[in-house]
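Here are the chains, one letter per residue:
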Amino acid sequence: MSTTPDVVITGLGATTPLGGDVPSTWRAALAGESGARTLENDWAETYEIPVSFAAQLKVRPEEALTRPEMKRMDPSAQYAMIAAREAWADAGAPELAPERLGVVVSSGIGGIWTTLDAWDTLREKKARRVLPMTVPMLMPNSPAAYVELELGARAGAHALVSACASGAEAIGYAAEMIRSGRADVVVAGGTEAAIHPMPLAAFAASRTLSTRNDDPAAASRPYDTQRDGFVLGEGAGIVVLESAEHAAARGARVYARISGVGLSADGYHITSPNPDGRGQVTAMNAALAQADIAAADVVHVNAHATSTVVGDLIEARSVRTVLGDAADRVALSATKSMTGHLLGGAGALETIFTVLALHDRKAPPTINVDQPDPDLVLDLVRGEPRTLPDGQIAAINNSFGFGGHNVALVVTTA
Amino acid sequence: MAYSEQEILAGLAEIVSEETGLPTDSVSSEKSFTDDLDIDSLSMMTIVTLAEERFSVRIPDDEVKNLTTVGDAVAYINGAQG
């Protein structure tokens, strides 16, 4: 009799504004550090951009990659490669048939540095100077393809794009690859490298960025009454997903399970979430149904919460709608307060935080919340990490993207 | 200003080293781009693009297939200098 495989997480990798790997990133998150800093360049003056800060990588990629690798990959692929190598090693570099190994790595924006550099070259020096590697570097599936080549994966390599939900959607799709029997192991996550003056100006034009230029570390403040927009971040998070059977057979360490994946779309507006939260509720309910757990089992939510005035509260009300009275016992964490918003990398990094929160039984704090919004209907973890209960527990990681994409992942203890 | 053959070899070795990760002193005149340096066609076109800019010469696509060794490229660039 065939049964649907359970999906477990056996490897974690990241490079983020808080650290060059998962252990340093997680330590900084538990300590409540901010990754946002004033940019050491003149973009704000030169281009009259109203935002002069961002959450850049803590460790530059050239410290982890060779020069040819740096030249051959757009920064979005560089970050993914660093995170993928860490995750693969962390999982113990499982040996399996290449046809059973898959890759799903997303980027919300794609190879924007390569795209714009090539455009500058074309305008200044004409077509003969445009480098032959431009297309394979700018294409949005480039990070997935490079990880696929690195590992020799042949079950499939995919790059799902859904703006700021991309990283979570990648992990959700990877879980489905295992459940449907296409693969035994899938390396999945998200990456972004869009701290460039053009996207910075464009996000500022959409009035979604914080302009707290005099205090970057305090700018990302989800659920605080003084929040004024998100902080642009960069980096990558990659996990190794594996069928529980495959992981057990090789004696792998299991961090947690991906028990439910819920997807929906708002069908409402190109940038604004639907104020009634219906799409978010649909995604969370679908994830809980697939996980086959009760609302009372959910003790932690890693919120999408980007620190925008409207978005944060819609999500909190949606969580309350889904969990009902059980929401009173949920420890809510908004880790973008520390990392900034990694766009296509966000959902993957926050899945890693959610997995580690369950594994270590510690919900990370939300920083910069001096005055919680009076309309916040959930218990926000502030200041110190919160200890989570013993026994079998579950958490939800929410990710939402421009376009009305909603992804909810239910993570449960191993 | 024209470059000497030695300067062209040194410059080409830097470009090849950046592209492949091989040390510059391994990029000597007798080495074959494909057989010795493991350079594929896309990398070769990258090297040609960078060499054209560095030495202010034009290397037509039709000529690239004749550049078997590093020495062939040095000679072509030397001859193409205005």
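Anything mentioned here points back to the structure above.
Note that the coordinates shown come from a computational prediction; the quantities given were computed from them, not determined experimentally.

(A) Spatial organisation of the sheet that holds strand β5 (residues 156-158) of chain A. All names here are of chain A. Pairing within the open sheet is mixed, and its 11 strands lie in the order β5-β4-β6-β7-β1-β8-β15-β14-β9-β10-β12. Among the strands making up the open sheet, the edge pair consists of β5 and β12 (379-380). Bridge analysis of strand β4 (residues 101-107) against β5 gives 3 bridges, and the strand direction is parallel. Residue pairing in the sheet places Val-103 in a bridge with Ala-157 of β5. Contacting β4, β5 and β6 (185-192), helix α7 (residues 142-151) runs over the sheet at an angle of about 155 degrees to β4. On the sheet, helix α11 (residues 278-291) packs against β8 (256-265), β9 (298-302), β14 (394-401) and β15 (405-413) and is oriented at approximately 145 degrees with respect to β8.

(B) Layout of the interface of chain A and chain B. On the side of chain B, 17 residues touch chain A, which itself brings 12 residues to the contact. When the two sides are added together, the surface that chain A and chain B hide from each other amounts to roughly 1,300 Å², 47% of it contributed by carbon and sulfur. Interface area lost by chain A to chain B is led by Arg-128, Arg-129 and Pro-132 of chain A, which between them contribute 47%. Between the two partners, chain A and chain B, sit 6 salt bridges. Across the chain A-chain B interface, the total number found is 7 residue pairs in polar contact (both at pLDDT 80 or more). Ranked by residues supplied to the side of chain A that touches chain B, first place goes to helix α3 (residues 67-72) of chain A with 4 residues. For the side of chain A that touches chain B, the class distribution of residues is 6 nonpolar, no polar and 6 charged.

(C) Representation of the pairing of β6 of chain A. Residue and element names in this part refer to chain A. By the criterion of burial, β6 is predominantly enclosed, with 8 of the 8 residues buried. Of the two faces of β6, the one lined by Val-185, Val-187, Gly-189 and Thr-191 and the one lined by Val-186, Ala-188, Gly-190 and Glu-192 are each fully buried. Taken together, the 7 bridges between β4 and β6 define a ladder with parallel strand orientation. Within β6, the position partnered with Gly-102 by the bridge is Val-186. One ladder, built from 8 bridges, connects β6 with strand β7 (residues 235-243); its direction is antiparallel. Residue pairing in the sheet places Thr-191 in a bridge with Ala-236 of β7.

(D) Looking closely at empty space enclosed by the protein. All names here are of chain B. For the structure on display, the rule yields 1 cavity of 30 Å³ or more. Estimates place the volume of the largest cavity at around 40 Å³. Around the largest cavity, the lining residues are Leu-12, Phe-33, Met-44, Ile-47, Val-48, Ala-51, Ile-59, Leu-67, Ala-73 and Ile-77. Among the elements of the structure, α2 (41-55) and α4 (70-80) are those that each provide at least two residues to the lining of the largest cavity. Here the lining of the largest cavity gets 4 residues from one element, more than from any other, and that element is α2.

(E) Focus on the nonpolar core. Residues and elements named next belong to chain A. Counting 52 residues, the largest nonpolar core has Leu-12, Leu-241 and Ile-258 as the members making the most contacts within it. Secondary structure elements with two or more residues in this core: β1 (7-15), α1 (22-30), α8 (166-179), β6, β7, β8, α14 (346-360) and β15. Viewed by domain, this core spans two of them, domain 1 (7-249) and domain 2 (260-413), each represented by three or more residues. Those residues in contact with Ile-258 that lie beyond four places of it in its chain are Val-7, Ile-9, Ile-171, Ala-175, Arg-179, Leu-241, Thr-351, Val-410 and Val-411. Membership of the second largest hydrophobic core comes to 29 residues, among which are Ala-287, Leu-288, Val-369 and Leu-376.

(F) Quick look at α1 of chain A. Residues and elements named next belong to chain A. Burial of α1 is extensive: 7 of the 9 residues sit out of reach of the surface. Those residues of α1 that are buried are in contact with β1, α4 (75-90), α13 (336-339), α14 and β11 (362-363). Where α1 ends, the next residue or the one after it, Gly-32, has phi of about 70 degrees, a positive value.

(G) Summary view of unusual backbone geometry. All names here are of chain A. Positive phi values are uncommon outside glycine, yet Arg-361 reaches one of about 55 degrees. Note that Arg-361 resides in the loop between α14 and β11. The class for Arg-361 is partly exposed, based on a relative accessible area of 22%.

(H) Inspection of α8 of chain A at higher detail. Residue and element names in this part refer to chain A. Between its terminal C-alpha atoms α8 stretches 20 Å, which fits the 20 Å expected from 14 residues at 1.5 Å a residue. Across the 14 residues that make up α8, a large majority, 12, are buried. When we look at burial in α8, the residues that qualify are Ser-166, Gly-167, Ala-168, Glu-169, Ala-170, Ile-171, Gly-172, Ala-174, Ala-175, Met-177, Ile-178 and Arg-179. Immediately beyond the C-terminal end of α8, within one or two residues, lies Gly-181, with a positive phi of roughly 90 degrees.

Quick notes on the rules
Chains are numbered independently. Their residues run from 1 in the order of the written sequence. Chain letters start at A and ligand numbers start at 1, both assigned in the order the entries are written. Totals for whole chains, interfaces and linings use every residue, but because this is a predicted model, local features are given only for residues with pLDDT of at least 70 and side-chain atom pairs only at 80 or more, for both listing and counting. With hydrogens and water set aside, each side-chain value is computed from the structure's full complement of heavy atoms. Whether two strands pair depends on DSSP finding at least two bridges between them. Every helix listed is a DSSP run of H or I at least four residues long, and every strand listed is a run of E at least two residues long, numbered separately from the N terminus. Note on definitions: a residue-residue contact is assigned when non-hydrogen atoms from the two residues lie within 4.5 Å. Note on geometry: axes are C-alpha line fits, over the in-contact stretch for helices, and angles between N-to-C directions span 0 to 180 degrees. Buried area: the sum, over both parts, of the accessible surface (1.4 Å probe) that disappears when the two are put together. Every case where a carboxyl oxygen of Asp or Glu lies within 4 Å of a side-chain nitrogen of Lys or Arg is listed as a salt bridge. Two N or O atoms count as a polar contact when they lie within 3.5 Å, although within protein this holds only if one can serve as hydrogen donor and the other as acceptor, and sequence-adjacent residues are included solely when both atoms are side-chain atoms. Gly is placed with the polar residues, together with every amino acid not listed as nonpolar (Ala, Val, Leu, Ile, Met, Phe, Trp, Tyr, Cys and Pro) or charged (Asp, Glu, Lys and Arg). Relative accessible area decides the class of each residue, using a 1.4 Å probe on protein chains only: under 20% of the type maximum gives buried, over 50% gives exposed, and in between gives partly exposed. Grid points spaced at 1 Å and placed over the protein atoms alone form the basis of the search, with a cavity being a set where a 1.4 Å probe fits but cannot get out and a pocket an open set showing protein on both sides within 12 Å along at least five of seven lines. Lining residues have an atom within 4 Å of a point. Grid points are joined across faces, edges and corners, and a volume is the space filled by probe spheres set on the points. In this text, buried Ala, Val, Leu, Ile, Met, Phe, Trp, Tyr and Cys residues form a nonpolar core when linked through side-chain atoms within 4.5 Å. Domain start and stop points were drawn from an automatic or database domain assignment. Residue count minus one, scaled by 1.5 Å, sets the expected span of a helix.

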